[in-house]
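What follows is the residue order along each chain.
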Number of protein chains: 2
Amino acid sequence: MPRYSPEGSLPCITIDCTIFGFDNFALKVLLVKRDIEPQKGMWALPGGWVGDREDLDDAARRILEEATNLKDIYMDQVKTFGRVDRFPDNRILTVSYAALINPLSHRLQQGPEVSDVKWMDVKEVPPLTFDHGEILQASLNHLKQQVRMEPISFELLPAKFTIPQILGLYESILDTKLDRRNFRKKLLRMNILEKLEEKQTGGAHRAADLYRFDRANYERLIEEEGFVYDF
Amino acid sequence: MPRYSPEGSLPCITIDCTIFGFDNFALKVLLVKRDIEPQKGMWALPGGWVGDREDLDDAARRILEEATNLKDIYMDQVKTFGRVDRFPDNRILTVSYAALINPLSHRLQQGPEVSDVKWMDVKEVPPLTFDHGEILQASLNHLKQQVRMEPISFELLPAKFTIPQILGLYESILDTKLDRRNFRKKLLRMNILEKLEEKQTGGAHRAADLYRFDRANYERLIEEEGFVYDF
């Protein structure tokens, strides 16, 4: 039975990272192509081994950076996957972490054990290695729940945006159509958007109002306990 | 360096279970007294080792039953704790699971490696072993979030109950005072309670209306997507 974990790392646990990106009004996920056995050549979530003298959260950040060049990404821990047959030959559990970021703010670069790294539309993900399809699904569910419990990061949107753009972000994540009027009403009532003088131009439709986030009110809202988005 | 994990189990991972109980209008947590080294004699969350041919979720159920005699408890996985210094001598990560149950429905019995097992008020928990205090806190936060995202199980309350009793359950979990009128109005609007003819008697106050859960409506509500309690 091959032992895959390198010296200086824990033998029975790995970390896998599900990084979502909101880009061009589609929800994407960051995948790498495995350049090591087992399952060399398959697409996977970026992952790796936990050092035996490394805190779990530190390991997650290091592993993501090594595989993709994404630095200083704050990730939530989602779930630990531990089915006996999830990995061939060895018994290995994996702790999954997830984040939602703006892909435009980061430059990708593949790490030593991968032959490719890229953003793919979550609706067009190829078959993934091991149980990574299941991990992706759990991370998506986590994200859906998260956007209902806390305001989304304003770094996901351009500095100026329209309400249909925010609606698009929520609809991508929740994978559902929301009632436009109701959404608009609830969003404006939160008092975190500041309407600008200028309007969006160039579209086929009537020029839409442009907004920006009111950072102070936004942060006050985040700190409020009991916050629930209920679109 | 002692190796604590027995033959046939994974060397670097354990499971710890945070079982909450709602009893006599107080939120309790199930603790065991360790009867093995390290930290023999300290109070702890019930926990144990994962078999090397055992699925993680199966291990959680087995471990809880062995330590406490609680059978067939459905637990949520909460979080994996992996600070380097969380366990003395060995590097051991632990996956925490949690549940909220009715203590009256289960008979406790201590397992082979514990010298006592009992329910303690969450407000009166003694110092716990390792990082179990931190695990308990994370499980409490998980529970708080959970009661805002899904209806509580009606098995937590007696067959007939008053609205102040449900209010007490929510207030215990959320550790806050809720607005009584608002709570009552929102709860009744959910249409999951059936008012009974009889009233509660024997209290110092005016006799309170008794209710029971309308199981069909309750289950319909649970299945509804996008449910949010917003007390």
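Scroll up a little and you will see the structure.
Procedures and definitions
In every chain, residue numbers begin from 1 and rise along the written sequence. The order in which chains are written sets their letters, starting at A; the order in which ligands are written sets their numbers, starting at 1. In view of the model being predicted, local features appear only for residues whose pLDDT reaches at least 70, and side-chain atom pairs are presented and counted only at 80 or more, with totals across whole chains, interfaces and linings using the full set of residues. With hydrogens and water set aside, each side-chain value is computed from the structure's full complement of heavy atoms. For the purposes of this entry, the term helix denotes a DSSP run of H or I that reaches at least four residues, the term strand denotes a run of E that reaches at least two, and both are numbered from the N terminus. Burial classes follow relative accessibility: with a 1.4 Å probe on protein chains only, a residue under 20% of its type's maximum area counts as buried, one over 50% as exposed, and anything between as partly exposed. The Shrake-Rupley method, run with a 1.4 Å probe sphere, supplies the accessible areas, and residue values consider only the shown protein chains as cover. Asp and Glu are treated as the negative residues and Lys and Arg as the positive ones, with His and the ends of the chain left uncounted. A charged residue contributes its charge at one atom only: NZ of Lys, CZ of Arg, CG of Asp or CD of Glu. Only buried residues count toward a nonpolar core, which is a set of Ala, Val, Leu, Ile, Met, Phe, Trp, Tyr and Cys residues joined through side-chain atoms within 4.5 Å. We call two residues in contact when some of their heavy atoms are within 4.5 Å. Under the convention used throughout, the expected extent of a helix is 1.5 Å for every residue step, that is, one less than its residue count. Superposing the copies works by least squares over the C-alpha atoms of residues that have pLDDT at least 70 in both of them. Sulfur atoms of two cysteines make up a disulfide when they are within 2.5 Å. As used here, the arc is the angular range of directions from the helix axis to the C-beta atoms. Pairs of N or O atoms within 3.5 Å make up the polar contacts considered here, provided that, within protein, one atom can donate a hydrogen while the other can accept it, and that residues adjacent in sequence are counted only when both atoms are side-chain atoms. In what follows, salt bridge is the name for a side-chain nitrogen of Lys or Arg lying within 4 Å of a carboxyl oxygen of Asp or Glu. Values labelled buried area give the accessible surface lost by two parts on being combined, using a 1.4 Å probe and summing over both. When residues are sorted by character, Ala, Val, Leu, Ile, Met, Phe, Trp, Tyr, Cys and Pro go into the nonpolar class, Asp, Glu, Lys and Arg into the charged class, and all the rest, Gly among them, into the polar class. Two strands are counted as paired when DSSP detects at least two bridges linking them.

J.: Can you explain the overall build of chain A? Please cite residues and give values.
T.: Regarding its fold elements, chain A presents five helices and nine strands. Counting only C-alpha atoms and orienting by the principal axes, one finds that chain A spans roughly 65 × 40 × 25 Å. The 231 residues of chain A split such that 52% are buried. Accessible surface, chain A as shown: approximately 12000 Å² in total, 45% of it carbon and sulfur. Charged side chains in chain A number 32 positive and 37 negative. The centres of these two groups are separated by 7 Å.

J.: Break down the nonpolar core for me, with residues and values.
T.: By size, the foremost hydrophobic cluster in this structure holds 52 residues, and its most contacted members are I15, I19 and M75 of chain A together with I15, I19 and M75 of chain B. Those residues in contact with I19 of chain A, other than ones at most four positions away along the chain, are K28, V29, L30, L64, L70, M75, A99, I101 and W119 of chain A. Core analysis: the second largest hydrophobic core is formed by 39 residues, L27, L157, L174 and L193 of chain A among them.

J.: Could you give me a rundown of unusual backbone geometry, with the residues and numbers involved?
T.: Residues and elements named next belong to chain A. A cis geometry characterises the amide bond from E37 onward to P38, with omega recorded as -5°. For P38, the location among the structural elements is in the loop between β2 (26–34) and β3 (43–44). Of note in the backbone geometry, D72 takes a positive phi value of approximately 50° without being a glycine. Take D72: it is sitting in the loop between α1 (56–68) and β5 (76–81). Of note, the phi angle at F130 is positive, near 45°, even though the residue is not glycine. Relative to the elements of secondary structure, F130 occurs in the loop between β7 (114–121) and α2 (132–149).

J.: Residues and numbers for helix α3 (residues 163–174) of chain B, please.
T.: Residue and element names in this part refer to chain B. With twelve residues, α3 extends 16 Å from end C-alpha to end C-alpha; this agrees with the ideal 16 Å at 1.5 Å per step. Extensive coverage of α3 is indicated by the burial of ten of its twelve residues. All buried positions along α3 are accounted for by I163, Q165, I166, L167, G168, L169, Y170, E171, I173 and L174. Trailing α3 by a residue or two, D175 shows a phi angle of about 55°, which is positive.

J.: How would you summarise the relation of the copies chain A and chain B if you had to cite specific residues and measurements?
T.: Turning chain A through 180° and shifting it by 0.0 Å along the axis lays it on chain B, with an RMSD of 0.0 Å. A rotation of that kind, with that shift, is consistent with a two-fold axis. The share of interface residues of chain A whose copies in chain B are also at the interface is 100%, consistent with both copies meeting through the same surface.

J.: Tell me about the state of the cysteines, residues and numbers included.
T.: In this structure the tally under the stated criterion is one disulfide over all chains. In this model C12 of chain A forms its disulfide with C12 of chain B; the gap between the sulfur atoms is 2.2 Å. Taken together, the positions of C12 of chain A in strand β1 (residues 9–23) and C12 of chain B in strand β1 (residues 9–23) put the pair across two chains. Residue class for C12 of chain A comes out buried when judged on its relative accessible area of 3%.

J.: Describe helix α1 (residues 56–68) of chain B, and please don't skip the residues or the numbers.
T.: All names here are of chain B. Spanning 13 residues, α1 covers 18 Å between terminal C-alpha atoms, matching the ideal 18 Å at 1.5 Å per step. Within the sequence span of α1, burial applies to L56, A59, A60, I63, L64, A67 and T68. Down the axis of α1, the smallest arc covering the buried residues is 130°, so these residues share one side. Just past α1, the residue N69 takes up positive phi, approximately 80°.

J.: Break down the side chain of D209 of chain A for me, citing the residues and quoting the values.
T.: Residues and elements named next belong to chain A. Note on placement: D209 falls in strand β9 (residues 209–213). Looking at D209, its side chain comes within polar contact range of the side chain of K195, at 3.4 Å. Within the local environment of D209, its side chain forms a polar contact with the side chain of K199, the two groups lying 2.6 Å apart. Filtering out sequence-adjacent residues up to four positions away, D209 remains in contact with F161, T162, I163, R184, K195 and K199.

J.: Give a detailed account of the pattern of salt bridges, specifying residues and quantitative values.
T.: Residues and elements named next belong to chain A. Evaluated as defined, the whole model comprises 25 salt bridges over all chains. Put simply, D58 and R61 hold a salt bridge, and the shortest N to O gap is 2.9 Å. Of this pair, D58 and R61 are both found in helix α1, three residues apart, which corresponds to roughly one turn of the helix. Given a relative accessible area of 36%, D58 falls into the partly exposed group. Each of the salt bridges in this network shares a partner with another, and the network as a whole consists of E54, R62 and E66.

J.: So what's going on with the interface of chain A and chain B? Which residues, and what values?
T.: Each partner contributes to the interface: chain A provides 27 residues, whereas chain B provides 27 residues. Both sides of the chain A and chain B interface together cover about 2200 Å² of buried area, and 60% of this is carbon and sulfur. There are zero salt bridges connecting chain A and chain B. Here chain A and chain B share 13 residue pairs in polar contact (both at pLDDT 80 or more) between them. Where the side of chain A that touches chain B is concerned, the elements lending two or more residues are β1, β4 (47–51), β5, β6 (93–101) and α2 of chain A. It is β1 of chain A that contributes the most residues to the side of chain A that touches chain B, four residues altogether. By residue class, the composition of the side of chain A that touches chain B is twelve nonpolar, six polar and nine charged.

J.: Could you give an account of the environment of L100 of chain B, naming the residues involved and the relevant values?
T.: Residue and element names in this part refer to chain B. With respect to the helices and strands, the residue L100 is situated in strand β6 (residues 93–101). The spacing of L100 and G21 is 79 residues in sequence and 5.5 Å in space, taken between C-alpha atoms. In contact with L100, other than residues within four places in its own chain, are F20, G21, F22, L27, L143, L156 and I173.

J.: Help me get a handle on the pairing of strand β5 (residues 76–81) of chain B, residues and values and all.
T.: Consecutive residues of a regular strand have side chains that alternate between opposite faces of the sheet. Residues and elements named next belong to chain B. The buried fraction of β5 is high, at five of six residues. For β5 and β6, the ladder comprises five bridges, and the chain directions are antiparallel. Its bridge partner being in β6, F81 is matched across the sheet by T94.

J.: Residue-level account of the environment of Q165 of chain B, with values.
T.: Residues and elements named next belong to chain B. Tracing the chain through its elements places Q165 in helix α3. By relative accessible area, Q165 is classed as buried at 13%. Taking C-alpha positions, Q165 is 9.7 Å from N24, a pair spaced 141 residues apart along the chain. Contact partners of Q165, with chain neighbours within four places excluded, come to F22, F25, L157, P158, K160 and Q200.

Spatial relationships are all this shows, so hold off on functional conclusions.
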